[in-house]
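Structural characterization, general
Spelled out, the chains give:
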Amino acid sequence: MAVSKSRPAVGDALFYGVAFIMAVYFTFAAVQGDYGLFRRAEISAQSHLLKQELTSMQQEVARMENLTHRLSDDYLDLDLVDQQARSILGMIRADEMVIR
């Protein structure tokens, strides 16, 4: 029997090379991709900021609803009417003096 030198198996090297490249690609996609870990952290932080903004907006809406109710025909707050007349219309009472 003659022993011949065998060449390195090209098929094995190609298989391991392709497997390595695919592993690198999928690892990169899992970390950096559109649905990766970094994107998930970014979305989580954005969600937290939007929840804070929603809470702030809900408080502002509640404040405006309160002011609207206090100026309605059913419930008239005279102090609020006086405040609005002074700040928006620039009105003063007859017994007041304006110093500039």
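See the structure shown above.
All of the points below concern the structure found in this document. (Residues numbered from 1 in each chain as written. Predicted model: local features only at pLDDT ≥ 70, side-chain atom pairs only at ≥ 80, totals over all residues. Heavy atoms only, no water.)

1. Examining the overall build of the protein chain
- For the protein chain, the count of helices and strands is three helices and zero strands.
- Written out in order from the N terminus, the α and β elements of the protein chain read α-α-α.
- Across its three principal directions, the C-alpha atoms of the protein chain cover 125 × 35 × 15 Å.
- Of all 100 residues assigned to the protein chain, the portion counted as buried reaches 4%.
- Only carbon and sulfur atoms are counted for the fraction: they give 62% of the accessible area of the protein chain, which is about 9800 Å². (Helix = DSSP H or I, 4+ residues; strand = E, 2+ residues; numbered from the N terminus. Buried < 20%, exposed > 50% of the residue type's maximum accessible area, 1.4 Å probe, protein only. Areas by Shrake-Rupley, 256 points an atom, 1.4 Å probe, with all protein chains shown as cover.)

2. A word on a nonpolar patch on the surface
- Residues Leu-14, Val-18, Met-22, Tyr-25 and Phe-26 make up a contiguous nonpolar surface patch of about 540 Å² in total accessible area.
- Mapped onto the fold, Val-18 is located in helix H1 (residues 10-32). (Patch = residues over 30% accessible without salt bridge, like charges linked within 9 Å, V, L, I, M, F, W, Y side chains within 5 Å. Salt bridge = Lys/Arg side-chain N within 4 Å of Asp/Glu carboxyl O.)

3. Observations concerning the packing of aromatic side chains
- Across all of its chains, the model carries two aromatic pairs by this definition.
- Here the aromatic rings of Phe-15 and Tyr-16 are separated by 5.3 Å at their centres, their planes lie at 70°, and the arrangement is edge-to-face. An identical accessibility class is assigned to Phe-15 and Tyr-16; each is exposed.
- Taken together, a centroid distance of 5.3 Å and an interplanar angle of 65° make the contact between Tyr-25 and Phe-26 edge-to-face.
- In this structure Tyr-25 comes out as exposed when scored by relative accessible area, which is 52%. (Phe/Tyr/Trp six-rings, centres within 6.5 Å; stacked < 30°, edge-to-face > 60°.)

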